[in-house]
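Residue-level structural notes
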Amino acid sequence: MDNLTSIVRAEIARQYKSVRQFAFAVNIPLSTINSALHNGIGGSSYDTVVQICKALGIKPVSDDAAHYLTEDALHLLEQYAQLDNYGRHTISSVMQVEYDRCTELSRPRAKRAAAVPSVNVSTSEPEAV
């Protein structure tokens with residue numbers, strides 16, 4: 001499954017109760033949405049892709065449209081860009097801890113028990129590189 005299809009699938013699940021509800025809300029036939037989700041969004045007409053992405057708040061990151069952002073992710077990136085080095089270091093540290101926590105949840109329980117996450121957040125500003 002391509003990146004955009006994965007994002008669309010996740011956003012429909014997050015924002016709507018069902019694919020049927022989403023199709024009704026955006027006035028696209030359910031069969032068209034199901035086909036796009038099954039075969040990949042890239043195989044749909046340009047107008048359909050734009051309509052689906054606009055309804056879900058998904059925007060391309062670059063001109064080649066290989067990467068897409070939701071409104072939430074775009075907002076976070078805009079905020080991140082305003083941070084100083086200390087703020088970026090703090091966000092990076094927290095992000096790593098949360099990433100480790102979330103990826104550990106997908107591992108078998110025995111392996112999770114062996115891994116104990118640790119946090120080392122400095123109270124002073126990191127040195128400039």
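Now for a quick tour of the structure. Residue indices begin from 1 for each chain and proceed along its sequence in written order. Note on the predicted model: pLDDT of at least 70 is required for a residue's local features to be given, and 80 or more for side-chain atom pairs to be given and counted; whole-chain, interface and lining totals, by contrast, use all residues. Where side-chain values are given, they derive from all heavy atoms of the structure, hydrogens and water being excluded.

**Description of the overall build of the chain**
- The numbering of helices and of strands both runs from the N terminus, where a helix is a DSSP run of H or I of at least 4 residues and a strand a run of E of at least 2. Within the chain one finds seven helices and two strands.
- Element order for the chain, N to C, with α for helix and β for strand: α-α-α-α-β-β-α-α-α.
- Only protein chains enter the accessibility calculation, which uses a 1.4 Å probe; a residue whose area is less than 20% of its type maximum is buried, one above 50% is exposed, and one in between is partly exposed. Here the chain, with 129 residues, has 23% of them falling under the buried criterion.
- The long-range fraction of contacts in the chain, counting pairs at least 24 apart against all pairs at least 6 apart in sequence, stands at 49%. By definition, residues are in contact when any of their heavy atoms lie within 4.5 Å.

**Quick look at the nonpolar core**
- Counting residues in hydrophobic clusters, the biggest one holds 18 residues, and the most contacted among them are Val-8, Phe-22, Ile-41, Ile-52 and Leu-56.
- Contributions of two or more residues to this core are made by α1 (3-15), α2 (19-26), α3 (30-39) and α4 (46-56).
- With residues up to four places along the chain from it excluded, the contact list for Ile-41 reads Asp-2, Leu-4, Thr-5, Val-8, Ala-36, Val-49 and Ile-52. Throughout this description, the term nonpolar core refers to a set of buried Ala, Val, Leu, Ile, Met, Phe, Trp, Tyr and Cys residues connected via side-chain atoms within 4.5 Å.

**A short note on unusual backbone geometry**
- For Asn-27, which is not glycine, the phi torsion reads 60° and is therefore positive.
- Examined against the element boundaries, Asn-27 turns out to sit in the loop between α2 and α3.

**Some thoughts on the packing of aromatic side chains**
- Paired rings are identified among Phe, Tyr and Trp, the last through its six-membered ring, by centres lying within 6.5 Å, and are further divided according to the angle between planes into stacked (under 30 degrees), edge-to-face (over 60) and tilted (the rest). For the structure on display, the rule yields one aromatic pair.
- Both rings, one in Tyr-16 and one in Phe-22, keep their centres 5.1 Å apart while their planes meet at 70°; by these two values the pair is edge-to-face.
- Tyr-16 gets classed as buried once you look at its relative accessible area, which sits at 19%.

**What to know about the layout of surface pockets**
- With a 1 Å grid spanning the protein atoms alone, the term cavity applies to any set of points in which a 1.4 Å probe fits but cannot get out, the term pocket to an open set with protein on both sides within 12 Å along at least five of seven lines, and the term lining residue to any residue with an atom within 4 Å of a point. Grid points are joined across faces, edges and corners, and a volume is the space filled by probe spheres set on the points. In this model, the largest pocket occupies a volume close to 220 Å³.
- Along the walls of the largest pocket sit Ala-73, Leu-76, Leu-77, Gln-79, Tyr-80, Leu-83, Ile-91, Ser-92 and Met-95, which together make up its complete lining.
- Residue contributions to the lining of the largest pocket peak at five residues, all from helix α5 (residues 71-81).
- Put simply, Ala, Val, Leu, Ile, Met, Phe, Trp, Tyr, Cys and Pro go in the nonpolar bin, Asp, Glu, Lys and Arg in the charged bin, and everything else, Gly too, in the polar bin. Split into classes, the residues belonging to the lining of the largest pocket amount to seven nonpolar, two polar and no charged.

**Observations concerning the pattern of salt bridges**
- Any Lys or Arg side-chain nitrogen found within 4 Å of a carboxyl oxygen on Asp or Glu counts as a salt bridge. By the definition in use, this model includes three salt bridges.
- A salt bridge links Arg-14 to Glu-11; its shortest N-O distance comes to 2.9 Å. Note that Arg-14 and Glu-11 are positioned in helix α1 at a spacing of three residues, about one turn of the helix.
- The shortest N-O distance in the salt bridge between Glu-98 and Arg-101 comes to 2.7 Å. Residue Glu-98 and its partner Arg-101 are located together in helix α6 (residues 85-105), separated by three residues, close to a single helical turn.

**Some words on a nonpolar patch on the surface**
- Patches here are clusters of residues that have more than 30% relative accessible area and form no salt bridge, with a 9 Å joining cutoff for like charges and a 5 Å cutoff for nonpolar side chains (Val, Leu, Ile, Met, Phe, Trp, Tyr). Computed by Shrake-Rupley with a 1.4 Å probe, the accessible areas treat only the displayed protein chains as cover when residues are assessed. A cluster of nonpolar residues, Tyr-80, Leu-83, Ile-91 and Met-95, forms a patch on the protein surface that exposes about 350 Å² of accessible area.
- Tracing the sequence through the fold places Leu-83 in the loop between α5 and α6.
- The class of Leu-83 is partly exposed, set by a relative accessible area of 32%.

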